[in-house]
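Residue-level listing of the chains:
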Amino acid sequence: MLKFHITTTGVELEYGVELGANTKWVWDDLTTNNETRISRIFSFKNADLLNPPAPNQDFDTYEYRFQFGTFDNGYVRIPGRILDIKNDLLISQEVKIKRSIFAAERNVSIFGRLSDLLDHSDPVVIGGTRPDAIPLEVFNELLRKFPNTYELDRYADARVHTILSQYLDGMKDARGRYESYLNKKSSLGSSVRLDLDALKKLEIEKYVLIRDLIKDALTTKKNWTEDDWQQLMLSFLLLLFPKYIKVLEKVTIHDYYSDPTKKTDRYIDIALIDANGNLDVIEVKRPFDDKILRKSLYRGNSIPTSELSGSIMQAEKYLFHLSKWGIKGENVLTTKYAADLPTGMRIRISNPKAIIIVGRDQISGSNMTGSQLLDFEIIKRKYAHMMDIITYDDLLRRLNNTIAALSG
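Residues numbered from 1 in each chain as written. Predicted model: local features only at pLDDT ≥ 70, side-chain atom pairs only at ≥ 80, totals over all residues. Heavy atoms only, no water.

Named according to an unreviewed UniProt entry, the protein chain is DUF4263 domain-containing protein originating from Janthinobacterium fluminis.

Set out below in structure tokens:
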């Protein structure tokens with residue numbers, strides 16, 4: 001059993017009983033040859049042993065402790081002879097010392113391979129602040145890309161195939177299998193290597209830009225029409241609601257119920273299509289104050305304004321007519337918007353939902369009270385199964401929370 005222990009002066013390697021067999025052979029090597037090899041990768045001399053066994057030592061329970069490395073200005077200095085290389089190793093104290101840092105599959109010495117490629121005996125430096133250091137992210141990538149057992153087997157097969165294929169018939173294309181494996185490994189590695197920090201930074205900048213645009217418009221664009229607000233929100237609806245992939249404007253739907261004797265056309269200002277082709281509705285209203293709850297109470301309760309009630313009713317009617325239109329409507333809309341959709345995608349009308357962006361969290365120039373916010377929340381939850389009612393202030397809060405979460 002192999003363990004590494006951090007001490008006040010450096011790192012010790014502890015080696016004990018493995019698989020029920022004692023480790024007396026280590027002491028025999030040290031006393032006979034003044035050298036032993038632990039775990040097929042680490043070489044120690046008698047002087048490295050910190051706790052020599054007693055004359056009558058029971059090796060069934062004894063654990064060797066070897067001096068593995070010493071602290072050196074933020075690094076652990078490991079003598080090259082312990083790794084059987086010509087270079088000392090300086091590895092940042094930030095790195096957790098474990099066997100997999102030093103040995104790849106089949107007990108291949110990672111630093112042995114590295115040292116063989118160097119024409120000098122200067123220390124190899126991993127991580128930390130030294131100018132000659134190999135950055136930790138580069139070293140970690142080296143560990144990830146070090147050949148595994150499968151790759152070594154394919155390589156060996158390829159070498160045998162190259163030598164013997166001209167003499168033997170019926171051999172499998174081992175070289176082709178090996179090259180296919182390397183190509184697949186290379187393409188996968190390049191496609192999944194993402195700079196997550198850079199992506200997060202871009203996400204934050206995106207939401208900050210949207211938030212600032214909305215805040216500025218709320219302050220300086222009080223005379224905007226409803227169409228102006230719709231055009232503003234259209235520019236970043238897909239960023240605000242990333243489940244959707246396409247915005248459709250002025251969508252005509254058919255109403256067979258308002259007048260049973262004829263078909264009536266209705267017009268949805270904005271519809272959204274998600275990644276599966278499902279169609280939802282979004283209503284963007286002007287951000288006026290006093291458009292959510294009435295100033296007067298009804299039996300001690302705040303109730304929705306006619307503006308909010310009308311917006312909800314309008315959205316409900318759209319959802320009703322869409323659902324009743326069903327398969328026929330799906331075919332009509334899919335045909336009409338085929339050029340705007342990904343190839344092969346169908347528009348689906350399956351339990352459509354609505355989003356309503358309307359008004360401010362303000363009544364008579366003041367923010368809603370706790371009681372008013374509770375009543376508004378109850379109104380929103382009443383319709384939660386079919387629509388999401390969002391005020392512009394609520395939208396700003398969501399953006400601020402998103403920015404804070406990504407920045408944390």
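### Considering the sheet that holds strand E12 (residues 354-357)
Through backbone hydrogen bonds, the strands of a sheet pair up, either in parallel or in antiparallel fashion. Heads up, the rule is: Strand pairing requires that DSSP identify at least two bridges connecting the strands. In this text, helices come from DSSP runs of H or I with a minimum length of four residues, and strands from runs of E with a minimum of two, each type numbered from the N-terminal end. Lines fitted to C-alpha atoms define the axes, with helix axes restricted to the stretch in contact, and inter-axis angles between N-to-C directions lie between 0 and 180 degrees.
Strands sit in the order E9-E10-E11-E12-E15 across an open sheet of five strands; the sheet is mixed. What marks the edges here is a single partner per strand, and that holds for strand E9 (244-255) and strand E15 (387-390). The sheet shows a mean angle of 30 degrees between the axes of neighbouring strands, taken without regard to direction. Pairing between strand E10 (residues 264-274) and strand E11 (residues 279-284): four bridges, direction antiparallel. Of the residues in E11, the one forming a bridge with Ile270 is Ile282.

### Brief notes about the environment of Met233
Stated formally: In what follows, residue pairs with any heavy atoms lying within 4.5 Å of each other are defined as contacts.
Assignment of secondary structure puts Met233 in helix H7 (residues 226-234). In sequence terms Met233 and Val284 are 51 residues apart; their C-alpha atoms lie 7.8 Å from each other. Beyond its immediate stretch of four places on either side in the chain, Met233 contacts Ile214, Leu240, Val284, Ile357, Tyr392 and Leu395.

### Points about the layout of surface pockets
The gaps left among the atoms become clear once a water-sized probe is rolled over them. The criterion, for reference: Buriedness of a pocket was judged along seven lines, with at least five required to meet protein on both sides within 12 Å; pockets are open sets of points on a 1 Å grid over the protein atoms alone, cavities are sets where a 1.4 Å probe fits but cannot get out, and lining residues have an atom within 4 Å of a point. Grid points are joined across faces, edges and corners, and a volume is the space filled by probe spheres set on the points. We call Asp, Glu, Lys and Arg charged. Ala, Val, Leu, Ile, Met, Phe, Trp, Tyr, Cys and Pro are nonpolar, and the rest, Gly among them, are polar.
Quantified by volume, the second largest pocket comes out at close to 160 Å³. Mapped onto the lining of the second largest pocket, the elements with two or more residues apiece are helix H9 (306-336) and helix H10 (370-382). Tallied by class, residues from the lining of the second largest pocket come to six nonpolar, three polar and three charged.

### A word on the sheet that holds strand E8 (residues 124-126)
In space, the six strands of this open sheet follow the order E1-E2-E5-E6-E7-E8, with mixed pairing throughout. One side of each edge strand has no neighbouring strand; the edge strands of this open sheet are strand E1 (2-6) and E8. Neighbour to neighbour, the strand axes of the sheet diverge by 25 degrees on average, direction disregarded. Relative to strand E6 (residues 75-78), strand E5 (residues 64-72) is paired through three bridges, and the arrangement is antiparallel. When the sheet's bridge partners are listed, Asp72 is paired in E6 with Tyr75. Those strands touched by helix H1 (residues 24-33) are strand E2 (10-15) and E5, and its axis lies near 70 degrees from that of E5.

### Quick word on the nonpolar core
Defined as follows: As used in this record, nonpolar core signifies buried Ala, Val, Leu, Ile, Met, Phe, Trp, Tyr and Cys residues forming a set joined through side-chain atoms within 4.5 Å. Each residue is assigned to one of three classes by its accessible area relative to the maximum for its type, calculated with a 1.4 Å probe on protein chains only: buried under 20%, partly exposed between the two thresholds, exposed over 50%.
Within the largest apolar cluster, 34 residues are counted, with the highest numbers of intra-cluster contacts made by Val251, Leu322, Leu333, Ile347, Met387 and Ile389. Of all the secondary-structure elements, those providing two or more residues to this core are E9, E10, E11, H9, E12, H10 and E15. In this structure, Met387 is in contact with Ile312, Ala315, Glu316, Ala354 and Ile356, ignoring residues within four places of it in sequence. In terms of nonpolar packing, the next biggest core, distinct from the first, is built from 32 residues, Tyr62, Ile91, Ile97 and Ile126 among them.

### A closer look at the environment of Asn87
Rules: Here a polar contact is taken to be a pair of N or O atoms separated by no more than 3.5 Å, where protein atoms must pair a possible hydrogen donor with a possible acceptor and residues adjacent in sequence count only if both atoms sit in side chains.
Within the fold, Asn87 resides in the loop between E6 and strand E7 (89-92). Among the residues examined, Asn87 registers a relative accessible area of 0% and is labelled buried. Separated by 34 residues in the primary sequence, Asn87 and Ser121 place their C-alpha atoms 4.9 Å from one another. If we skip the residues at most four places from it in the chain, Asn87 touches Gly80, Ser115, Leu118, His120, Ser121, Asp122 and Val124. Within the local environment of Asn87, its side chain forms a polar contact with the backbone oxygen of His120, the two atoms lying 2.9 Å apart. A polar contact is formed between the side chain of Asn87 and the backbone oxygen of Asp122, at a distance of 2.7 Å.

### Describing the packing of aromatic side chains
Stated formally: We call Phe, Tyr and Trp rings a pair once their centres come within 6.5 Å, taking the six-membered ring for Trp, and we label the pair stacked below 30 degrees between planes, edge-to-face above 60, and tilted otherwise. Consider the ring centre and the ring normal. A charge sits over the ring if Lys NZ or Arg CZ is within 6 Å of that centre and within 35 degrees of that normal.
Within this structure, the stated rule accounts for 17 aromatic pairs. Pairing Tyr64 with Phe66 gives two aromatic rings, centres 6.0 Å apart and planes at 10 degrees, and the pair type is stacked. Classification of Tyr64 as buried rests on a relative accessible area of 0%. Residue classification places Phe66 among the buried residues on the basis of a relative accessible area of 0%. Through pairs of rings, three or more aromatic residues link up here, namely Phe4, Phe42, Phe68, Phe102, Phe111 and Phe139. The ring of Phe376 has Lys380 lying over it, and the distance from NZ or CZ to the ring centre is 4.9 Å.

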